[in-house]
6 protein chains.
Amino acid sequence: MLRLKSPGYERFFQSPMLEATFGGGEANVAVSLANYGMDARYVTVLPKNDIGEACIRELRGFGVDVANIVRSEGRMGIYYLETGAVQRASKVIYDRAGSAICDAKVGDIDWAKAFAGASWFHITGITPAISQGAAELSMEAVRAAKAMGLHVSCDLNYRKNLWKYGKTADQVMTELVRYVDTVIANEEDFQKSLLLKAESAHEVEGGELNVAQYQAIAKLAMDTYPNIKRVAITLRESKSANHNGWSACLYNGKDFFLSRKYAITDIVDRVGGGDSFGGGLIYGLNHYPDEQTALEFAVAASCLKHTISGDYNRVSVTEVEGLMKGSGSGRVQR
Amino acid sequence: MLRLKSPGYERFFQSPMLEATFGGGEANVAVSLANYGMDARYVTVLPKNDIGEACIRELRGFGVDVANIVRSEGRMGIYYLETGAVQRASKVIYDRAGSAICDAKVGDIDWAKAFAGASWFHITGITPAISQGAAELSMEAVRAAKAMGLHVSCDLNYRKNLWKYGKTADQVMTELVRYVDTVIANEEDFQKSLLLKAESAHEVEGGELNVAQYQAIAKLAMDTYPNIKRVAITLRESKSANHNGWSACLYNGKDFFLSRKYAITDIVDRVGGGDSFGGGLIYGLNHYPDEQTALEFAVAASCLKHTISGDYNRVSVTEVEGLMKGSGSGRVQR
Amino acid sequence: MLRLKSPGYERFFQSPMLEATFGGGEANVAVSLANYGMDARYVTVLPKNDIGEACIRELRGFGVDVANIVRSEGRMGIYYLETGAVQRASKVIYDRAGSAICDAKVGDIDWAKAFAGASWFHITGITPAISQGAAELSMEAVRAAKAMGLHVSCDLNYRKNLWKYGKTADQVMTELVRYVDTVIANEEDFQKSLLLKAESAHEVEGGELNVAQYQAIAKLAMDTYPNIKRVAITLRESKSANHNGWSACLYNGKDFFLSRKYAITDIVDRVGGGDSFGGGLIYGLNHYPDEQTALEFAVAASCLKHTISGDYNRVSVTEVEGLMKGSGSGRVQR
Amino acid sequence: MLRLKSPGYERFFQSPMLEATFGGGEANVAVSLANYGMDARYVTVLPKNDIGEACIRELRGFGVDVANIVRSEGRMGIYYLETGAVQRASKVIYDRAGSAICDAKVGDIDWAKAFAGASWFHITGITPAISQGAAELSMEAVRAAKAMGLHVSCDLNYRKNLWKYGKTADQVMTELVRYVDTVIANEEDFQKSLLLKAESAHEVEGGELNVAQYQAIAKLAMDTYPNIKRVAITLRESKSANHNGWSACLYNGKDFFLSRKYAITDIVDRVGGGDSFGGGLIYGLNHYPDEQTALEFAVAASCLKHTISGDYNRVSVTEVEGLMKGSGSGRVQR
Amino acid sequence: MLRLKSPGYERFFQSPMLEATFGGGEANVAVSLANYGMDARYVTVLPKNDIGEACIRELRGFGVDVANIVRSEGRMGIYYLETGAVQRASKVIYDRAGSAICDAKVGDIDWAKAFAGASWFHITGITPAISQGAAELSMEAVRAAKAMGLHVSCDLNYRKNLWKYGKTADQVMTELVRYVDTVIANEEDFQKSLLLKAESAHEVEGGELNVAQYQAIAKLAMDTYPNIKRVAITLRESKSANHNGWSACLYNGKDFFLSRKYAITDIVDRVGGGDSFGGGLIYGLNHYPDEQTALEFAVAASCLKHTISGDYNRVSVTEVEGLMKGSGSGRVQR
Amino acid sequence: MLRLKSPGYERFFQSPMLEATFGGGEANVAVSLANYGMDARYVTVLPKNDIGEACIRELRGFGVDVANIVRSEGRMGIYYLETGAVQRASKVIYDRAGSAICDAKVGDIDWAKAFAGASWFHITGITPAISQGAAELSMEAVRAAKAMGLHVSCDLNYRKNLWKYGKTADQVMTELVRYVDTVIANEEDFQKSLLLKAESAHEVEGGELNVAQYQAIAKLAMDTYPNIKRVAITLRESKSANHNGWSACLYNGKDFFLSRKYAITDIVDRVGGGDSFGGGLIYGLNHYPDEQTALEFAVAASCLKHTISGDYNRVSVTEVEGLMKGSGSGRVQR
C-alpha cells in the first residue's frame, strides 16, 4: 500500500508535496521479521506497473521474500495520512477502491507454493475489510495455512472506515478467527470484530487502563473459539496525539502475562505501532523460551516503532533487547 | 485530478516523496480562462473528503467558480507523472478506477443550473474515456449545452491508456462530436477518435511537419460532421523530451490560418500544453476580432505553458500578448 | 502579510530558504470564519504585484471574499519568524515599513461598499500600530462600521515592537475602543493599550494564573468604556515555548464565564493562536445560544490552532466541536 | 540585499517557500574579488537585526572585510526573483522601500575610514537609483574616493523599475560618471543612464550583435566625459531565457579589444552575470599585464557565473583561467 | 560507495545538505544487469555499520545478490559530486582513504564461493587504483575467475585522481588485462592504463571524433594482449557539460562495428554513463545473436542513463529496445 | 569535521539525503566564543579541497580567526548522526580514519604563531582519541600553551568508539591533564579518562543525580593533579532522548558552586551540548567577577544549545543572560 503523508504536522496540501512511502499491516510485519533476521515472505496482489514494482523493490531491500507476490491489472491501494499533534488526532483517508488486492479473488494466489516451507502465517483484519474478494481470499488463506500445518496469527485490527462492501466486520471475522492460533487485538477489536465484550467497560479515550478485565476478555475469546491458543492484547493509553502509554498482556489459557509499560512521551510516528507489536511477538515466540520475554520483546519493539518515521519498524534485535534490558533513557550512542 | 510527480527528472520512488498538485484537462482550461480574467465555471464530481476539498480550494483560489462541483463518495482520480529528458519520454500512469468522476452517472449533475448564464462549454475526450458512466454523462452534457444554446468546444485528446471499459474512442467520440462547434485536436486524435485520416501520413515521431495536409484533414472533419464550425489543430514537433517545435493551424470552413512556430528548446513541463492551447483559443475567439489573432494567442499561451511547472498555465494576458508581439528572447524583467 | 519562517526550529539563515506563507491578524480571523462556513470578507490594502496577488489567491481559495481589497503601489508587509523551543522563545522581526497598508490613508477604502450587507466588523490593535495612516484608517473603519450598524469586535493585540510612528498604543486605542462592542484581549493588552490594570498583578511569565482578577479587569474596562458589551480574555500559561496552558474567560457585564483549560504540551505553531480565538468567538457568538458554549468553541478552536503550521487555523466546525465534546486524547481517526 | 527566489522554475508561491540568499551589485563584486584572493571590503548600510547579521556573516565567510558596514534601524532590502525559461523571461520584483540603504544619508559612512588603504572603489548605478539619500551618498562616495586617489569603476546598470524617487537615471548618472575612471555598461545603460547612443541602433532583443558600433559608443562616452579612462561593454545576445551569447569589448581611448564569445546554452542563473564581469575585470586589470587578458578573464568569469546558482560567482582564479585556456567542453573532473 | 552530491547545480555547501545515494563502477553494472532481469551478484568489502547496511539494502532491492559481500571494520568509501553546467565541468572529489575496500587484502574474499555458478566476471580499473591491497585483490579475482572458467570483462576506467598509493595505472593494468576477455575503454584509458596510443591523436576535449583510428587502437590492444577477444570503445564528444555526443564501436578481431550516435542535448546525470554501457554490453552479448545489436543495446542503454539521476541506470530492457527501434523523440507515454 | 545527519528523526537512508553541516568539539567552542564577541582562533589541520574550504568559510563567517588552520592532503573527518527520540537513543558513527587531523603529526602546526597574542587555549579529549599523531600533537599543543603562559582548559570528553589506535584514554589523558588549568568533564569522563571515581557511584542512566559526590570527585582530581585550578562538572539527567535535566557544578579548590537546573523537555539537538558549556564557561570566567555567575552563564548557554539545530550554539550573550535572569517560559518575542 502506498502511504501519502503531508509533511511534518501539516494538514493535507498546505505544501504541494506528499511523503510517499510504502506500508500496510502484513507488509509491516514482514519487514519487522526480516529486520530481526527471520525468513519472511510477503504474499499479496500488487499492480503490474512502476508503482507496484517500487513497492516490491523496497520490500526486497529489507530481505523480504517477494517471489510470491502476484501482479495484476489493478491500481495500488493508497492511504493518505496527516499526523496529528496534542489534541488534534492523526487522520487516515483510505483510498483502496479498485486496488489490486481489492479486486483479487479466490484462486489468484497459489497458496501451496506461497506456504511451501513456511511454519507461520500472519494476517490482519484489514485485508478482509477491503472487499468481498479480499475477504474470500483471506478465508482461503487461513484454511490453506491450517491445512498445511502452519501456525496462524491474526491481528484483528478493526477499521471503522473500511468494511464498506456489504459485510460487517463480525460477519467475516467470527468465521476467520476459527482458523487462528494466536490472536492479537485491542479491546475495541474484540467488540467490533468478534462481538466480545468484558463486563465492565473501561474508558477507551484516555485515563488509566483497567488491566484486570483484559484477562477476562482474553478468556472469553478462548472459551468462544477453542481453537485459539493464545491471546495478546495491546494496551494503549492515549494521553494526547504525542504522548501514549504503551504496554500489552498475553494469556495462553493458563497463565496471564503483563508487560512493562512505556511512556512514549514524544511520538514520532504512531502508525504501524500495532504491526510492530505483531512482528515483535512472532519473533519473540519463536526465539525466547518463555512467553513473558516474548511479550516484553514485542512491547519494546513496538515502543521503539513509535520513534521511527514511516510504517516499518526499522530496528534490530540488538536495539530491542537493549531497551528491554535498559532504562530507555535515550543517551547518545557514540 | 491529483497529479503525483516524482521530483525533478527522477524515476518513480528514487526519493520517498511525490510532488502533489492538481490538474486535468477541463480544470486546466478553466484555470487558464480565470487567469485571463474570464468567468470560468468548473463542473465535475469530486470526492467528499479532504483531498477533494483541497482541489476545490486551489481552483477557487484562481477565481474559478466551483459552486457546481458535486461531491460524491468516490475517490480522487490520480495520475502519476515522471518527467522525461532527451530520449527518455515522460511517463504517465493513470489511476482513475473508482474515482468520483469515474463512478458518476447520468443525472448526477444539474446541467440547467451548471450552464445557467454560460455561453460556452468546453469538454475533452479524456472524460468519456474513463468509464461508461462518464461517457454517458459527457453525452448528456453536450446535449444539454447545445439545447441551452452554448457554443461547445471539444479537445479530442486521445489517450491510449484509457478507454478500458469496453468502448473504443471512436465509438463514443464520433457520436459526441456531433454536438461540437469547435474541435481541437492533433492528427493522431483525428485518427483514433474520429477514424479520420488525411491521405499522406506524416511522421508523428519527429521531423518537420507537413502542414499542407492539415487543411485536408480539417476539411474532412467538417465535411463529415457539418455541425463543426471550426477546427484547430496543434502541431507538435518532438525533437526530444526537452525540445519541441510548437505551432497550430485553424480552419473555419473558409479560411485556413497557420500560426507562428515556436522552438521550445528547454521545456520545463509539457503536461497541460494542449489544455493551455484550448484555454488560449477560447479566450482568443472571445476577445479578438479575427481568428488569426485568436490562434496566435492560443499558440503563444501554450508555448509559455511549457515553461511552467504543473498542469496549470500560470500566465496573464499581458504575458501572452508580450510574447505574441515580442521576440521571446527571455531577457530579465527588472 | 507575508510570513517568512526559518525551517523547523532553525535560527534565521541556517539554511538558505524561508517558509513563505501569508497571514496576519485580521486575515487569520477571516480564514477561520470562512473555514467555519461563514461569509467572510477581508478588507485591506495590498501591493499591485505578484506577491499581493498570491496572497489574494490564497485567501480566495479559503472562500474569503476578496473583492474589496484595494491594490496600491506599496510593498507587501513581512514578518520574519523563528520558532523557539523550550527555554528559547520564538522570535518575530517585523518588516512593515513602506508596506501598502502602512502607506494607506483615510479615503483609500470605500467603507460603504466594503461593509454592504455585513453585520460584524473585526479589527485588531496591530493595524493602528503600523503607521499614522493605518491608525486613521482604522478609526475611519470603526466609525463607519458603527454608523452602518455593524457589531464591532477588536482584539487589542499589543505589540511592543510596533508603535514606532510617534503615537503610543494607549493614545490610539483608548479612542478606538469607544466604537467597540466586543473586546478581546489578554491582561498585558489591557495595561498597554488601555492603561487598565487590576489591583493585584499576577506573574505573566509563568505559573498558575489568578483567574479571580480577570473578572475585575473586565468589569473595569466595561465601566470605563460603557459602549463595550462584552470582554473576552485569553489566559495563556507559558510553561515553555513548547508547552502552554490555554483557556479564556468572558464577561458580559452580568455573567462571568470561565472555559475549560487545555494543556497544549507539544505546540506546533503558536503564532495566530489569539486570532484563532477571535475567529472562534465570532463564530460561537453567532451560532450558539449561550455565551459559555461560544467561549468553549473559541478556546477549543484556538487550542487546535496550536497544532497547525502557519498563521491560519485550518480546522472545521466538526473538528472543534469534536474537541469540545471529547477528551482531546488524539487517537488516530481511521 | 535579500534575494527571495521561487524554487526551480516555479512562478511565485506555487510552493510555500522561497530560496533565501543574499546578493546585490556591489556585494557580488566584493565576493568575486575575495574569491580570487584579493582584499575586498564591502561598505554599505544594513539593518541592525538578525537578517542584517546573517548577510554580514555570509560575506565575512567569503573573506570580505565587513568592518565598515554600518548598522541602522531600517529594514533589509529585498528582491523577489522568478527564474524564466525559454520564451518566459525571469522576473525581478524590487522591494527596497524603507531599506537601511534606502534611508541612508550623507554622513552615515566614514569614507576616510572606509577607504583607508584601498586603491580601487567600485560602485553600480543601482545604488543611486534607490532613493535621493542613496544617490547623494553615492556622490559623496565617488568624490571621496577620487579625493583619496582611488581608481573608481562604475557599472552603470540601468534598472527601469527603480528610479522612483523623482530623479531620472540620467540626471544623477551624468554627474556621478564624472568621477569614474573605468565605466562598465551595456548599450542600453549608455542610452538610459548617460543619454548616449551610437548612430545605428542594433536589435536589443536578440539576433547577432553589431560589434562595430560598440567602439563608437565607447569613444563617444570618453569624448563626452574626458575623465573616463576605459570603457568596457558587455555584449549579451539573448536567444532565450536559457541560452545567451556572451562576450565583451573594451576601449581604452587607443586600442579596442574584443573578447572570445561564449555560447551559454543552458543557463543556471543569469542574475549577477554583469557583476561577475565587473569583479573579473577588476581582478584582471590588477593582475594581468595587458587589457586583452584582463577582458578575457572578465568574460570567462562571467560566463561561468551563468552556471552558478545565486548572485555570487563562486569560482576560483584557477577555474576561470582553465576556461580561458580550454575549450569549455565541460568534461568531468575526477 | 556513498555518493554525496550537492543539490541541483549548486557548488559544494551552498545549501547545508547533500544528496546521498550509493554507486560505484561495479555496483552500477550489477544494478543494470539486475534491472534487465539477469542474475547479478555483487562482491566487495563494505563496512560493518549502518552505512554499509543501507548500501546493501539498496542493492538487494534491485535484486542484486549480496550474499557474498564481506563486512569489515573500515569506513564506507565516498565520492563528493558537484554537477557542472555548460562550460563548468562536473567535479568529483574522491574520499576513499581507509575505506573497507581500500583496506581489504588478498584472502578476504572467498572467490570459489563468490564465483560459484557464475559465467561472467566484470571488474573496472577503479578498484585496483585505490590501494595496493585492492590491486592485489583485483589480481586475485581475475586469476580466480579465469581459473574457474568465467568470461572476464574489464572497463579500464582510468581516474587520474586515484592511483596515489605508489603504483601507476599502467604498472597494474598491463598485468591485470592479461586475464581479460572483453575490454571496455575510451581512448584515454588505453593511453593511461595500457600505454597504447594510435598514431594520429584526436582532440579529446571536443569536436568530431575521428572514428577511423579507433579500430587501429582496438587492433593494437588485441595484438599486444592476445588473450583479449573483444574491445569495445565508447566515443564521447563533449560539447558542453550539458550536451554530449554518444556512440561506441566494437572490434572482435575480425569485424568492426560502429553504433548509432545519440545527441544527448540535455544531460541529467552523466556519472555512471560508462558503467551503464558496460552493463548494457554484458546484457547484449548474452542475449542477442549478433555483436552489432549487442553494441546498439549498450549504447542506447547508456544514452538513457544520461537522463537518469544517480549512478544507477534505472531503465528496463523494454525501454532500451524502445530507443533502439525508435527515434528518441521523447513523446509523452500516456 | 563534517556532520552528516539523516533528516528529522529518520534512521539512516530512509531518504536519499543527509543534512551536511560542520562541527566538532573545539570548533564548536570557537564558534560560541566568536558569537559572544570574543576573539577566537581555531587551529587544526583540514584537507586542501572544497570540503575543507567550505568548513573554513563557515567558521570565518562566524568571525572565528582561521588564519592558522593548516591544509593537508588528508580527507575531511566525518561523523554520521541519527537523532533519537524517547527511548531510542541518538546514534553517532565516527568516520575519521585517514582524516587530515588524524594523519597530522608533531611539527605540522607552528604553535608559536598559532598562540601569538592569545591568553587561553582550549582542547578536548576527542582530538587525542583519534590517532597517535593527533595525541602527540595534542601533547605538543598543551606544552607549548603552558610554555607561552596561556591558561589551558580541557574538556575530557571520553568517547568509547574512538581510542582505536592502540592507546587507551587514560594512558594519554592522565599525562595531558598535567598541563591543564581548568578541567571540564562529566562523571564518566573522570572514570574513563583519568581513572578517578568517587566512592558511591550514582546511576548514570537516569534518575536524580547525587550532587554531593561531585564535590568529592572534583577534589580528588585536584588532589591527584595539583596543576588543576578548577574543575567544572556537567550534570545531565537523561530522562529520554527528548527530555534531559541539565545543570553543572564547579569547584575551585576552595568553594563549590552548584548551578540552577533546567528541565529541557523538548530537545531539538543535543549534540554539541557539552561544547556549548565549555564555550559558555570560558566566556563567563573571562567576563564575570564571580565563578557562580560564570557557571550560570555556561549552564544557561548550554541549555539553549539543546534548542538549536546543528553543532554550533547560535545564541548571543543577550539571549543567554536573558535566560539567566528570566523564567525560561519561552513567550514569543515580538
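This is a predicted model, so every value here is computed, not measured. (Residues numbered from 1 in each chain as written. Chains lettered and ligands numbered in written order. Predicted model: local features only at pLDDT ≥ 70, side-chain atom pairs only at ≥ 80, totals over all residues. Heavy atoms only, no water.)

Participant: If you had to explain the interface of chain B and chain D to someone new, which residues and values would you point to?
Facilitator: Residue-level contacts link 23 residues of chain B with 29 residues of chain D. Taken together, the two surfaces of chain B and chain D that pack against each other cover about 2,400 Å², and 49% of this comes from carbon and sulfur. Interface area lost by chain B to chain D is led by R331, Q333 and R334 of chain B, which between them contribute 35%. Our count for the contact surface shared by chain B and chain D stands at one salt bridge. One salt bridge connects E319 of chain B with R11 of chain D, and the closest N-O pair in it is separated by 2.8 Å. If you look at where chain B meets chain D, you find seven residue pairs in polar contact (both at pLDDT 80 or more). Counting residues per element, the side of chain B that touches chain D draws most heavily on strand β13 (residues 262-264) of chain B, which supplies three residues. Taken together, the residues that form the side of chain B that touches chain D break down as ten nonpolar, eight polar and five charged. (Contact = heavy atoms within 4.5 Å. Buried area = accessible area lost by both parts, 1.4 Å probe. Salt bridge = Lys/Arg side-chain N within 4 Å of Asp/Glu carboxyl O. Polar contact = N/O pair within 3.5 Å; in protein donor to acceptor, adjacent residues only side chain to side chain. Helix = DSSP H or I, 4+ residues; strand = E, 2+ residues; numbered from the N terminus. Nonpolar A, V, L, I, M, F, W, Y, C, P; charged D, E, K, R; others polar.)

Participant: Residues and numbers for the pairing of strand β5 (residues 78-82) of chain B, please.
Facilitator: Residue and element names in this part refer to chain B. The buried count for β5 comes to five of five residues, which makes it a mostly enclosed element. Burial of the side chains of β5 extends over both faces: I78, Y80 and E82 are buried on one face and Y79 and L81 on the other. In this sheet, β5 lies alongside strand β1 (residues 2-5) in parallel orientation, the contact comprising four bridges. The residue of β5 that forms the bridge with R3 is Y79. Here five bridges tie β5 to strand β6 (residues 91-95), and the two strands are oriented antiparallel to one another. Pairing of Y79 across the sheet is with Y94, part of β6. (Buried < 20%, exposed > 50% of the residue type's maximum accessible area, 1.4 Å probe, protein only. Pairing = 2+ DSSP bridges.)

Participant: Go over the pattern of salt bridges, please, and point to the residues and values.
Facilitator: All names here are of chain D. Summed over all chains, the structure comprises 130 salt bridges over all chains. With its nearest N and O atoms 3.1 Å apart, the salt bridge here joins D95 to R75. Within this pair, whereas D95 is found in strand β6 (residues 91-95), its partner R75 is found in the loop between β4 (70-72) and β5 (78-82), the two being separated by 20 residues in sequence. Take D95: its relative accessible area is 4%, and that puts it in the buried class.

Participant: Requested: an account of the relation of the copies chain B and chain C, with residues and values cited.
Facilitator: For these two chains of identical sequence, chain B goes onto chain C by a turn of 180° and a shift of 0.0 Å along the axis, with RMSD 0.0 Å. Those values place the two copies in the arrangement expected of a two-fold rotation axis. Among all residues of chain B, the one whose C-alpha sits closest to the rotation axis is G61 of chain B, at a distance of 1.8 Å. (Least-squares fit on C-alpha atoms with pLDDT ≥ 70 in both.)

Participant: Break down the state of the cysteines for me, citing the residues and quoting the values.
Facilitator: Two cysteines, two sulfur atoms, one covalent bond between them: this is a disulfide. Tallying each qualifying case throughout the model produces zero disulfides over all chains. As a non-bridged cysteine, C55 of chain C has C102 of chain C as the owner of its nearest cysteine sulfur, 16 Å distant. On the basis of relative accessible area, C55 of chain C is assigned to the buried category, the value being 3%. Left without a disulfide partner, C249 of chain F is nearest to the cysteine sulfur of C303 of chain F, which lies 17 Å away. (Disulfide = S-S within 2.5 Å.)

Participant: Tell me what's going on with the confidence of the model for chain A, and back it up with residues and numbers.
Facilitator: Residues and elements named next belong to chain A. Confidence in the prediction of chain A, expressed as mean pLDDT, is 95, and 97% of residues score 70 or more. Below pLDDT 50 for its whole length, residues 201-207 participates in 13 contacts with residues either more than four positions away or in separate chains. The complex model carries a pTM of 0.96, and its ipTM stands at 0.94. (pLDDT = per-residue confidence, 0-100.)

Participant: Provide a residue-level description of the relation of the copies chain B and chain D, including the pertinent values.
Facilitator: If you rotate chain B by 120° and push it 0.0 Å along the axis, it lands on chain D with an RMSD of 0.0 Å. Read as a symmetry element, the transformation amounts to a three-fold axis. Relative to the rotation axis, the closest C-alpha in chain B is found at D266 of chain B, a distance of 4.8 Å.

Participant: Break down helix α9 (residues 291-305) of chain A for me, citing the residues and quoting the values.
Facilitator: Between its terminal C-alpha atoms α9 of chain A stretches 21 Å, which fits the 21 Å expected from 15 residues at 1.5 Å a residue. Of all 15 residues in α9 of chain A, 13 are buried, a share of seventy percent or more. (Expected span 1.5 Å × (residues − 1).)

Participant: I'd like a rundown of the interface of chain B and chain C, residues and numbers included.
Facilitator: Accessible area lost upon the coming together of the parts serves often as the stated size of an interface. Each side of the interface is counted separately: chain B has six residues, and chain C has six residues. Across the chain B to chain C interface the summed buried area is about 510 Å²; carbon plus sulfur atoms make up 54%. When the area that chain B buries against chain C is broken down by residue, the three leading residues are R57, R60 and G61 of chain B, summing to 75%. Counting the contacts that link chain B with chain C gives zero salt bridges. Applying the counting rule to chain B against chain C returns two residue pairs in polar contact (both at pLDDT 80 or more). Residues belonging to the side of chain B that touches chain C are distributed by class as follows: one nonpolar, two polar and three charged.

Participant: Describe the pairing of β6 of chain D, naming the residues involved and giving the relevant values.
Facilitator: For β6 of chain D, the buried fraction is high: five of the five residues fall into the buried class. Residues K91, I93 and D95 of chain D line one face of β6 of chain D and the alternating positions V92 and Y94 of chain D line the opposite face, and both faces are buried.

Participant: Residue-level account of the side chain of R270 of chain F, with values.
Facilitator: When you line up the elements, R270 of chain F lands in the loop between β13 (262-264) and α9 (273-287). Buried charged residue R270 of chain F carries no salt bridge. Nearest counter-charge: D269 of chain F, at 7.5 Å. Apart from residues lying up to four places away in sequence, R270 of chain F is in contact with V332 and R334 of chain A together with R236, N244 and H306 of chain F. (Lys, Arg positive; Asp, Glu negative; His and termini not counted.)

Participant: Talk me through the sheet that holds strand β6 (residues 91-95) of chain E; I want residue IDs and the actual numbers.
Facilitator: By definition, the strands of a sheet pair up through backbone hydrogen bonds, in either a parallel or an antiparallel sense. Spatially, eight strands are ordered β6(E)-β5(E)-β1(E)-β2(E)-β2(F)-β1(F)-β5(F)-β6(F) in an open sheet, and the strand pairing comes out mixed. Each having just a single partner strand, β6 of chain E together with β6 (91-95) of chain F make up the two edges of the open sheet. Across the sheet, the axes of successive neighbouring strands diverge by a mean angle of 25°, strand direction being ignored. Helix α2 (residues 50-61) of chain E rests against β1 (2-5) and β2 (17-22) of chain E together with β5 (78-82) and β6 of chain F of the sheet, and its axis sits at about 55° to β2 of chain E. Here helix α2 (residues 50-61) of chain F sits on the sheet and contacts β5 (78-82) and β6 of chain E together with β1 (2-5) and β2 (17-22) of chain F; the angle it forms with β2 of chain F, its principal contact strand, is near 55°. (Axes fitted to C-alpha atoms, helices over the stretch in contact; angles between N-to-C directions.)

Participant: Run through the packing of helix α2 (residues 50-62) of chain A against α2 of chain E, naming residues and quoting values.
Facilitator: Where α2 of chain A meets α2 of chain E, the axes come as close as 7 Å, and the angle between the chain directions of the two elements is 130°. Classified by the angle between their axes, α2 of chain A and α2 of chain E sit oblique to one another. Every pair of crossing elements has a handedness; the one defined by α2 of chain A and α2 of chain E is right-handed. Between α2 of chain A and α2 of chain E, the residues in contact are R57, R60, G61 and F62 of chain A and R57, R60 and G61 of chain E, respectively. Residue composition of the contact of α2 of chain A with α2 of chain E, grouped by class: one nonpolar, two polar and four charged. (Parallel < 35°, antiparallel > 145°, perpendicular 65-115°, else oblique. Left-handed = near helix turned anticlockwise from the far one by under 90°.)

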